[in-house]
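If you want the building blocks of each chain, they are given just below.
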Amino acid sequence: MNIEQKVLEVSGVEITKYILIDLQKLSSCSGEPIASVYADNLLRTMRVMRDKLPFDPYTEVIMALHDALAYSNLWIDYNASQYQGVCELLTALVNQETINNLSVETAILTLENLGFDTLPFGVTLDENPDMDEDEE
């Protein structure tokens, strides 16, 4: 049974436990070539979670982490202590009896504080959209 088949039978908590395994492996070998295998598996599992459980609160946290890792392959730039911090964060989330919007927001802020850019797909906004270039 592969991860996609298992997802049909499990919750966000259970998938997060699979994600934790890959994060721990990624932490232990960050900076080494083998890390790409764990990063690939991690990102795939995250996308399966997004597809199968789009409204689960755990998914929102996982996808914030996914974006930070996947954008321009930034997973390469993060270090073992950052990955360990994510493991601790996700373990704490999994151990909560329930997860609400405040828990999700706090978790995403914690990811940011660990150095993960959870909004890497930024949009550049023109500060003065009504002004012509001649008026500047």
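Residues numbered from 1 in each chain as written. Predicted model: local features only at pLDDT ≥ 70, side-chain atom pairs only at ≥ 80, totals over all residues. Heavy atoms only, no water.

J.: Honestly, the overall build of the protein chain in this entry has me stumped. Any pointers?
T.: Scanning the protein chain for helices and strands turns up 6 helices and 0 strands. Mapped from its N terminus to its C terminus, the protein chain presents α and β elements in the order α-α-α-α-α-α. Counting across all 136 residues of the protein chain, residues that qualify as buried make up 38%. The contacts in the protein chain between residues at least 6 apart in sequence include a share of 66% that link residues at least 24 apart. (Helix = DSSP H or I, 4+ residues; strand = E, 2+ residues; numbered from the N terminus. Buried < 20%, exposed > 50% of the residue type's maximum accessible area, 1.4 Å probe, protein only. Contact = heavy atoms within 4.5 Å.)

J.: Would you explain the pattern of salt bridges in this entry?
T.: Between side chains of opposite charge, a pair can form as their charged atoms come close. Under the criterion given, the structure shown has 3 salt bridges. One salt bridge in this structure joins Glu14 and Lys17, with 3.6 Å as the shortest N-O distance. In this pair, Glu14 and Lys17 are both assigned in helix H2 (residues 12–28), 3 residues apart and thus about one turn of the helix distant. The partner of Arg44 in a salt bridge is Asp40, and the shortest N-O contact between them spans 2.9 Å. Taken together, the residues Arg44 and Asp40, both in helix H3 (residues 35–52) and 4 residues apart, mark about one turn of the helix. Classification of Arg44 as partly exposed rests on a relative accessible area of 49%. Judged by its relative accessible area of 36%, Asp40 is partly exposed. (Salt bridge = Lys/Arg side-chain N within 4 Å of Asp/Glu carboxyl O.)

J.: Sorry, what's going on with the packing of helix H5 (residues 80–94) against helix H6 (residues 101–113) here?
T.: Two quantities define a packed helix pair, namely the angle between the helix axes and the distance between the axes. Viewed as axis vectors pointing N to C, H5 and H6 meet at an angle of 170°, and their least axial separation amounts to 10 Å. When the axis of H5 is compared with that of H6, the two are roughly antiparallel. Counted together, Val86, Leu89 and Leu93 of H5 and Ser103, Ala107, Thr110 and Leu111 of H6 form the full contact between these two elements. Looking at the contact of H5 with H6 residue by residue, the class counts come to 5 nonpolar, 2 polar and no charged. (Axes fitted to C-alpha atoms, helices over the stretch in contact; angles between N-to-C directions. Parallel < 35°, antiparallel > 145°, perpendicular 65-115°, else oblique. Nonpolar A, V, L, I, M, F, W, Y, C, P; charged D, E, K, R; others polar.)

J.: Can you walk me through the environment of Pro54 in this structure?
T.: Mapped onto the elements, Pro54 comes out in the loop between H3 and helix H4 (57–70). For the pair Pro54 and Gly12, spaced 42 residues apart in sequence, the C-alpha to C-alpha distance is 9.7 Å. Once residues lying within four places of it in the same chain are set aside, the contact partners of Pro54 are Met49 and Thr59.

Remember, this is a structural readout, not a statement about activity or role.
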